[in-house]
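Each chain, written out:
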Amino acid sequence: MNICYTSTFQGTFEDFNSIMSELRAEFPGITDATESAEIEIDKEGWCKVITIANVVDFDKMQELMASPKVAEFDKKYNNTDVVYKLERIN
């Protein structure tokens, strides 16, 4: 299943990449392809990241999203994620 999600938080793209590296090591095999990019945002000290991923283990992804490490990041950085399911149309 292809998903797209945005993460908006007080921090940097490096903060995002750091937590994602930790989560990929702790929860391997969730995706077989992932791309993330920083989006320009007009709010000083804040960062917005868009990620597109092909999820191959949705149950493990739900486990990751409910993990204490994700909850800690969300609280520390005032993070909000919005997740979309993508469907190929051509």
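Source: prediction; values computed, not measured.

Undergrad: Talk me through the nonpolar core; I want residue IDs and the actual numbers.
TA: Within the largest apolar cluster, 19 residues are counted, with the highest numbers of intra-cluster contacts made by Phe 9, Phe 16 and Leu 23. The element best represented in this core is helix H1 (residues 13-26), accounting for five residues. Non-local contacts of Phe 9, meaning those with residues more than four positions away in its chain, are made with Phe 16, Gly 45, Trp 46, Cys 47, Val 49, Phe 73, Tyr 77, Asn 78 and Asn 79.

Undergrad: Could you give an account of the packing of aromatic side chains, with specific residues and numbers?
TA: Throughout the structure, instances matching the rule amount to five aromatic pairs. A ring pair is formed by Phe 9 and Tyr 77, whose centres lie 6.4 Å apart and whose planes are at 85 degrees; its orientation type is edge-to-face. Linking Phe 9 in strand S1 (residues 2-10) with Tyr 77 in helix H3 (residues 68-77), this pair joins segments that are 68 residues apart in sequence. One exposure class covers both Phe 9 and Tyr 77, and it is buried. Each member of the aromatic cluster is reached from another via a ring pair, and the members are Phe 9, Phe 13, Phe 16, Phe 73 and Tyr 77. Geometry around Trp 46 places Lys 43 over its ring, the cationic atom sitting 4.2 Å from the centre.

Cut-off values and rules
- Residues numbered from 1 in each chain as written.
- Predicted model: local features only at pLDDT ≥ 70, side-chain atom pairs only at ≥ 80, totals over all residues.
- Heavy atoms only, no water.
- Core = buried A, V, L, I, M, F, W, Y, C linked by side-chain atoms within 4.5 Å.
- Buried < 20%, exposed > 50% of the residue type's maximum accessible area, 1.4 Å probe, protein only.
- Helix = DSSP H or I, 4+ residues; strand = E, 2+ residues; numbered from the N terminus.
- Contact = heavy atoms within 4.5 Å.
- Phe/Tyr/Trp six-rings, centres within 6.5 Å; stacked < 30°, edge-to-face > 60°.
- Lys NZ or Arg CZ within 6 Å of the ring centre and 35° of its normal.

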